[in-house]
Amino acid sequence: ADSGVGAVLLQALQRRLAELVSRAPLPALEGAGDLLEQFNVISGGSAVSEQLSRAVEARLSYLLYHPREGDPGGVTFDELRLHHACASQLAARRLICRDSLAATVAHVKNWMERASLSKLGRHCAAICELVRAQPPLLAVLTARLCRAAQPPKR
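So, a few notes on the structure that sits alongside this text. Model, not experiment: these values are computed from the prediction.

1. Let's talk about the nonpolar core
Counting 37 residues, the largest nonpolar core has L29, V56, L60, W111, M112 and I127 as the members making the most contacts within it. Among the secondary structure elements, those contributing two or more residues to this core are α1 (2-21), α2 (26-43), α3 (50-65), α4 (77-92), α5 (98-114), α7 (124-133) and α8 (137-149). Ignoring any residue separated from it by four or fewer positions in sequence, one finds V56 in contact with V21, A32, L36, L90 and I96.

This is how it looks when you write it as structure tokens:
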């Protein structure tokens, strides 16, 4: 009977943790990795709870498209950088799937393709860090700079 009660309590805890994760701001999601690992220890499992991993992935995805509550503006480069750092850390710990990180990298790629040269210049050091972390971004950045160096078409 005790194992039945324990299982019910673990399920309730897992649901509550997933609910908390679904409301967490981006900076708190890095700590969610520790939470997932601790839940795994408590539950005696050998793999991170799939439900909690999906909750973190869903929250990351939501914040990628809705970075600020009530602000219709798009995601800023600084938000993308923080998002990438969080997703990278969680993916490296195998707490989220690689697709979540790939979605962030795709947004960084889109930002690089559309940013003005002045924005690229303002964020040069951070862009270099991202390129070091995600080498395929170098081709995107190179293409963007080559496009900017071409004379305008008449």
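Now that the structure is up, let's keep going.
2. Quick look at the packing of α2 against α4
Two numbers describe how α2 lies on α4: the axes approach to 9 Å, and their chain directions differ by 5°. Overall, the two elements α2 and α4 adopt an arrangement that is roughly parallel. In contact with L26, L29, E30 and G33 of α2, α4 contributes E79, L82, H83, C86, Q89 and L90. Grouping the amino acids of the contact of α2 with α4 by side-chain chemistry returns five nonpolar, three polar and two charged.

3. Some words on the environment of L63
By the secondary structure assignment, L63 is in helix α3. A residue is classified by how much of its surface remains accessible, and L63, at 9% relative accessible area, is buried. A C-alpha to C-alpha distance of 9.6 Å links L63 and A24, two positions 39 residues apart in sequence. Residues within four places of L63 in sequence aside, it is in contact with A24, P25, L26, L29 and H83.

So, how was this worked out
- Residues numbered from 1 in each chain as written.
- Predicted model: local features only at pLDDT ≥ 70, side-chain atom pairs only at ≥ 80, totals over all residues.
- Heavy atoms only, no water.
- Core = buried A, V, L, I, M, F, W, Y, C linked by side-chain atoms within 4.5 Å.
- Buried < 20%, exposed > 50% of the residue type's maximum accessible area, 1.4 Å probe, protein only.
- Helix = DSSP H or I, 4+ residues; strand = E, 2+ residues; numbered from the N terminus.
- Contact = heavy atoms within 4.5 Å.
- Axes fitted to C-alpha atoms, helices over the stretch in contact; angles between N-to-C directions.
- Parallel < 35°, antiparallel > 145°, perpendicular 65-115°, else oblique.
- Nonpolar A, V, L, I, M, F, W, Y, C, P; charged D, E, K, R; others polar.

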